[in-house]
Amino acid sequence: MFEYKDFLIETDKFALNVGPSHPATHGVLRVLVKLDGETVVHAEPMIGYLHTSMEKLAEHRTYHQAETITDRMDYVSGASNNLGYILAAERLCGVKASKRAEYVRVILAEFTRISSHLVWLATHAVDLGALTEFLYCFRERELVLDIIETVTGQRMTPSFFRVGGLAMDFHKDFVNKTKDFIKIFPEKINEYEALLTKNKIWLERTKNIGVISAEDAINFALTGPSLRGSGVKYDVRKASPYSRYEDFDFEIPIGEIGDVYDRYLVRIEEMRQSLKIISQAIDNIPEGEYSSYHEYPAYVIPPKKKALTTMEGMIFLFKYGMEGIKPPKGEAYVSIENPRGELGFYLVSDGSAFPYRMRVRPPSFCNISALNKMTAGYMVADLIAIMGSVDILLGEVDR
Amino acid sequence: MGIEEHLGDNIITASLDKIVSWGRKWSIWPATFGLACCAIEMMTTASSRYDFDRLGLIFRSSPRQSDLIIVSGRVSYKMAPMVKRIYDQMPNPKWVIAMGDCACSGGLFNVYSIVQGVDRIIPVDVYVPGCPPRPEALIYGIVKLQEKIGKGTIKHEAPPQIIR
Amino acid sequence: MDVNFALAVIKESMQKKIVAAGNVNRDAYIQIQKEDLLEFADFFKNDPRLKFDMLSDLFAVDYPKRPERIEVIYNFYSVVNNFRIFIKIRSKIDESEYPSLTSFYNSANWFEREVYDMFGLKFKGHPDLKRILNPDDWDGHPLLKDYPLRKRPEPEEIEMDRPGYIELDKI
């Protein structure tokens, strides 16, 4: 008689190299996978293929020049990175931005969250075989980028924020375009969900895949949707509000068990919440100055109008451009909620015009470090689903 | 006039070079190879609004089936051997577009870990500057490349060399 | 509960081992000796009043002019209590090894590799201490202040045909 084990195919262990150039690794991630048959035994991410030495470069730039480095770091959510960096620089100087500027910052940061989640959804769905999602998501992403471009003049790398406020006041089309977008976007999110949320194939590929418990997630220092998918209600916007997030009413969506599907649902819901924040902010943008120049003339760039009409304004603008601002000696840490998680900036100043040290607390870096924990025991095809659901961005992992 | 008179209107004569170049020009298949920020703009160019397909460009996931590599982003010293290997894997004739400032010249990142221009390791046909270049800029680069391909020949040519 | 409560708790229990403590720009920090780090980490993680369950960040700063040149900064965060504290340790660059926190926090694994890569500090008890961002055969530790920003090999020097195979036992 035969026994059950006689029908099993004998498997052997072998190594598989994924990346660094692979369509599903979202950039230049390389994963060394040890397989037993088709089951993942060990997956080791190898990073550094996009190492750009941004932390070193920032030491050789003035405070405002270094801002341009930050949005090349997490390049799908540029404004959000600028915000974190500028808040850290502001805390170093002891400057508080004007209310109008903070509202515009919030709107732009939330727009980048939407655009980042759209890129994530597009690529994640393509990895799992849903090409239509890709075309849908990039259609709306263009609308978001148009709005960001209206305000900042750049699509992906705005560098629009300055210490104490913004570079200039926003364009008059901004409000109308945003309101139009708020009208159409909820319908579009339903459209994305109609394709995936109850799709049998999608459920098979994502439910109970890549489960990570809340305890493990915290231990690996996961943040953002990857942590919230596991049911931990931690969001920097609520835990330690910055830039007037306390003014707005929004929910933090959380998942239940921390699988790929939960992380998907969390991000979809986050897009709705972001839209809610934007619609509250756009209606209440306060009148007034776009930068707090009057309160902190030592650190904040004067308005261009002032530089053209008054002598000292022009001298200051010149000095500001040539020398940059010089924050007092000290250290400051600010963390914000990036689309990928908690993005922290630790700035050390030695009193000169250049940051002595800029340390970035990278969310994707921590999130991808838990890949082995998430993938062990699943099939090799699930590896792609799990990698996609963590939503890494190699520019920020490698910095 | 010539051979068309005998064969009627259904036949067009041309030199083989032109026909082949015309075919190559309208069926460029780029490799799916993204590095950094510009890769997102490259994806945007392939997506709904800009639509690469109308120029005959379809992304192929294997370098062995593609004839264009768009180096979209900064190339680090750790990545350089892989870029070179992907380029070597592509069959002839093959073309290279350096997309973005970093791939053209190192751009913003004149630092220890970045190769200052991808043309130091592989020969480049078209440079598209910008940080990142808009999709329109990339499409213009593609059109320029098509012009270049259109002037090509099917004669065996020595593969392009890196100018140091 | 805010961070001053945490600071008070730590001061009460670990008074003798704290070199300095204070607040800088709304964040609390404690400076300690390298030898006491494991004890602190154990206390931070397991004390029911503190519950610092996340090692949020770990990095170093280089001060070439100081006698104790390297300052390593640990960023502990408590998700439950919502407070954050920084631990600072100063040391010379060629001093003995740091204790590794990988036994308490999994996130320490990659952070410590990064500090090793960028500053050359060694961590005792780390399971797999090797370079993480730079290539394995890279020369020097880039984030040290005396490492030039533009020191790089010529592209011709890159070994283009590195073996691509992987040994199964090494994964």
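It should be noted that the structure appears before, not after, this text.
Residues numbered from 1 in each chain as written. Chains lettered and ligands numbered in written order. Predicted model: local features only at pLDDT ≥ 70, side-chain atom pairs only at ≥ 80, totals over all residues. Heavy atoms only, no water.

Novice: What am I meant to see in the overall build of chain B here?
Specialist: For chain B, the helix and strand inventory stands at six helices and three strands. Its helices and strands in sequence order give chain B the pattern α-α-α-β-α-β-α-β-α, from N to C terminus. The principal-axis extents of the C-alpha atoms in chain B amount to approximately 65 × 40 × 25 Å. Burial analysis of chain B (164 residues in total) assigns 49% to the buried set. Across chain B, the fraction of contacts at a sequence separation of at least 24, relative to all contacts at a separation of at least 6, is 79%. Within the structure as shown, chain B displays about 7,700 Å² of accessible surface, and the carbon and sulfur contribution to it stands at 57%. (Helix = DSSP H or I, 4+ residues; strand = E, 2+ residues; numbered from the N terminus. Buried < 20%, exposed > 50% of the residue type's maximum accessible area, 1.4 Å probe, protein only. Contact = heavy atoms within 4.5 Å. Areas by Shrake-Rupley, 256 points an atom, 1.4 Å probe, with all protein chains shown as cover.)

Novice: Looking at this structure, I do not really get the pattern of salt bridges. What am I missing?
Specialist: Between side chains of opposite charge, a pair can form when the charged atoms approach closely. All names here are of chain A. With the rule as written, the count across this model stands at 53 salt bridges over all chains. Across the pair Asp 391 and Arg 267 runs a salt bridge whose closest N-O atoms are separated by 3.9 Å. Remark: Arg 267 occurs in helix 12 (residues 260–283) and Asp 391 occurs in the loop between helix 17 (380–390) and helix 18 (394–398); sequence separation between them is 124 residues. Connected through shared salt-bridge partners, Glu 110, Arg 113, Arg 228, Asp 235, Arg 237, Glu 270 and Glu 337 make up one network. (Salt bridge = Lys/Arg side-chain N within 4 Å of Asp/Glu carboxyl O.)

Novice: How should I be thinking about the nonpolar core in this particular structure?
Specialist: Inside soluble globular proteins, nonpolar side chains tend to come together where they are buried. Among the nonpolar cores identified, the biggest contains 209 residues, and Val118(B), Ile10(C), Phe44(C), Tyr74(C), Phe76(C) and Leu101(C) are the most heavily contacted of them. In terms of residues, this core owes the most to one element, helix 5 (residues 99–127) of chain A, which gives 15 residues. Beyond its immediate stretch of four places on either side in the chain, Val118(B) contacts Val71(B), Val75(B), Val83(B), Ala98(B), Ala103(B) and Val124(B). Counting residues in hydrophobic clusters, the runner-up holds 20 residues, among them Tyr50(B), Leu57(B), Ile139(B) and Ile149(B). (Core = buried A, V, L, I, M, F, W, Y, C linked by side-chain atoms within 4.5 Å.)

Novice: Is there a simple way to think about the environment of Tyr192(A) in this case?
Specialist: Residue and element names in this part refer to chain A. Inspection of the secondary structure assignment puts Tyr 192 in helix 7 (residues 173–196). Among the residues examined, Tyr 192 registers a relative accessible area of 0% and is labelled buried. Expressed as a C-alpha distance, the spacing of Tyr 192 and Val 266, which sit 74 residues apart in the sequence, is 14 Å. Once residues lying within four places of it in the same chain are set aside, the contact partners of Tyr 192 are Leu 118, Leu 121, Glu 133, Tyr 136, Cys 137, Glu 140, Phe 185, Tyr 264 and Met 271.

Novice: Which parts of the structure should I look at to understand the environment of Arg162(A)?
Specialist: Residue and element names in this part refer to chain A. Relative to the elements of secondary structure, Arg 162 occurs in strand 4 (residues 161–162). Discounting residues that sit within four places of it in the chain, Arg 162 has contacts with His 64, Glu 67, Ile 86, Glu 90, Arg 105, Ala 167 and Tyr 320. Of note is the side chain of Arg 162, whose polar atom sits 2.9 Å from the backbone oxygen of Ser 159. (Polar contact = N/O pair within 3.5 Å; in protein donor to acceptor, adjacent residues only side chain to side chain.)

Novice: It is not clear to me how unusual backbone geometry should be interpreted in this structure. Could you clarify?
Specialist: All names here are of chain B. In this structure, Pro 93 follows Asn 92 across a cis peptide bond, with omega equal to -5°. Following the sequence through the fold, Pro 93 ends up in the loop between helix 4 (80–89) and strand 2 (95–99). Cis geometry marks the peptide bond from Cys 131 to Pro 132; its omega dihedral reads -15°. The residue Pro 132 is located in the loop between strand 3 (126–128) and helix 6 (135–150) in this model.

Novice: Looking at this structure, I do not really get helix 1 (residues 3–14) of chain C. What am I missing?
Specialist: Note: α-helices contain 3.6 residues per turn, so residues at a spacing of three or four share the same orientation. Residue and element names in this part refer to chain C. With 12 residues, helix 1 ought to run about 16 Å at 1.5 Å a step, and its terminal C-alpha atoms sit 16 Å apart, in line with that. Residues of helix 1 that are buried include every one of Val 3, Ala 6, Leu 7, Val 9, Ile 10 and Met 14, and no others. All buried residues of helix 1 fall inside an arc of 160° around its axis, so they share one side. Close packing links the buried residues of helix 1 with strand 1 (18–24), strand 2 (27–32), helix 2 (37–46) and strand 5 (83–91). (Expected span 1.5 Å × (residues − 1). Arc of directions from axis to C-beta.)

Novice: Any chance you could explain the interface of chain A and chain C here in plain terms?
Specialist: Frequently, the measure chosen for interface size is the accessible area removed from exposure when the parts meet. Contact with chain A, which involves 51 residues of that partner, is made by 52 residues of chain C. Across the contact surface, chain A and chain C share seven salt bridges. Where Arg359(A) meets Glu114(C), a salt bridge forms, and the shortest distance between an N and an O atom there is 3.2 Å. Summed over the shared surface of chain A and chain C, the number is 19 residue pairs in polar contact (both at pLDDT 80 or more). The greatest single-element share of the side of chain A that touches chain C, amounting to five residues, is contributed by strand 8 (residues 355–361) of chain A. When the residues that make up the side of chain A that touches chain C are grouped by side-chain class, the tally is 26 nonpolar, nine polar and 16 charged. (Nonpolar A, V, L, I, M, F, W, Y, C, P; charged D, E, K, R; others polar.)

Novice: Before we go on, may I ask you to explain the packing of aromatic side chains in this structure?
Specialist: A full pass over the atoms with the stated rule returns 36 aromatic pairs over all chains. Measuring from ring centre to ring centre gives 5.1 Å for Tyr234(A) and Tyr77(C), while their planes differ by 40°; the resulting arrangement is tilted. Remark: Tyr77(C) occurs in strand 4 (residues 70–78) and Tyr234(A) occurs in the loop between helix 10 (225–228) and helix 11 (236–239); the pair is interchain, linking two chains. Accessibility classification places Tyr234(A) together with Tyr77(C) in one group, the buried group. Ring centres 5.7 Å apart and planes at 25° place the aromatic pair Phe365(A) and Phe111(C) in the stacked group. (Phe/Tyr/Trp six-rings, centres within 6.5 Å; stacked < 30°, edge-to-face > 60°.)

Novice: What is the right way to look at a nonpolar patch on the surface in this model?
Specialist: Together, Leu16(B), Ile19(B) and Ile154(B) give the surface a local cluster of nonpolar side chains, amounting to about 280 Å² of exposed area. Relative to the elements of secondary structure, Ile154(B) occurs in the segment after helix 6. (Patch = residues over 30% accessible without salt bridge, like charges linked within 9 Å, V, L, I, M, F, W, Y side chains within 5 Å.)

Novice: Explanation requested: the interface of chain A and chain B in the structure shown.
Specialist: Facing the 37 residues of chain A at the interface are 31 residues of chain B. Summed over both partners, the interface of chain A with chain B comes to about 3,000 Å²; 63% of that surface belongs to carbon and sulfur atoms. It is Tyr49(A), Arg72(A) and Arg155(A) that lose the most area in chain A upon contact with chain B, and together they represent 18% of the buried surface on that side. For the pair chain A and chain B, the number of links is four salt bridges. When the shortest N-O distance is used, the salt bridge between Arg155(A) and Glu41(B) registers 2.9 Å. If you look at where chain A meets chain B, you find 16 residue pairs in polar contact (both at pLDDT 80 or more). If you list the elements that add at least two residues to the side of chain A that touches chain B, you get helix 2 (54–58), helix 3 (63–70), helix 5 and helix 6 (131–152) of chain A. Counting residues per element, the side of chain A that touches chain B draws most heavily on helix 6 of chain A, at nine residues. Taken together, the residues of the side of chain A that touches chain B sort by class into 17 nonpolar, 11 polar and nine charged. (Buried area = accessible area lost by both parts, 1.4 Å probe.)

Novice: Help me out: how do you make sense of the sheet that holds strand 7 (residues 341–349) of chain A in this one?
Specialist: The strands making up a sheet associate through hydrogen bonds between their backbones, and the pairing can be parallel or antiparallel. Residue and element names in this part refer to chain A. As summarised here, the arrangement of the three strands in space is 6-7-8, forming an open sheet in which the pairing is antiparallel. Among the strands making up the open sheet, the edge pair consists of strand 6 (330–338) and strand 8. The average angle at which neighbouring strand axes cross in this sheet is 15°, direction not considered. One ladder, built from nine bridges, connects strand 6 with strand 7; its direction is antiparallel. By the bridge assignment for strand 7, Asn 338 is matched with Gly 341. (Pairing = 2+ DSSP bridges. Axes fitted to C-alpha atoms, helices over the stretch in contact; angles between N-to-C directions.)

Novice: Hey, could you run me through the packing of helix 3 (residues 37–46) of chain B against helix 6 of chain B in this one?
Specialist: For any two helices packed against each other, the geometry comes down to the angle between their axes and how far apart the axes lie. All names here are of chain B. Direction vectors running N to C along helix 3 and helix 6 enclose 75°, while the axes themselves pass 9 Å from each other. With respect to each other, helix 3 and helix 6 are oriented roughly perpendicular. On helix 6, the residues touching Glu 41, Met 42, Thr 44 and Thr 45 of helix 3 are Pro 135, Leu 138 and Ile 139. Residue composition of the contact of helix 3 with helix 6, grouped by class: four nonpolar, two polar and one charged. (Parallel < 35°, antiparallel > 145°, perpendicular 65-115°, else oblique.)

Novice: Even after reading the chapter, I still don't get the side chain of Asp398(A), so can you show me in this structure?
Specialist: The residue Asp398(A) is located in helix 18 in this model. We note that Asp398(A) is buried and unpaired, the nearest opposite charge coming from Arg399(A) at a distance of 6.8 Å. Separated by 3.3 Å, the side chain of Asp398(A) and the backbone nitrogen of Tyr49(A) make a polar contact. Leaving out residues up to four positions away in the same chain, Asp398(A) has contacts with Ile47(A), Gly48(A), Tyr49(A), Leu50(A), His51(A), Thr52(A) and Leu133(C). (Lys, Arg positive; Asp, Glu negative; His and termini not counted.)

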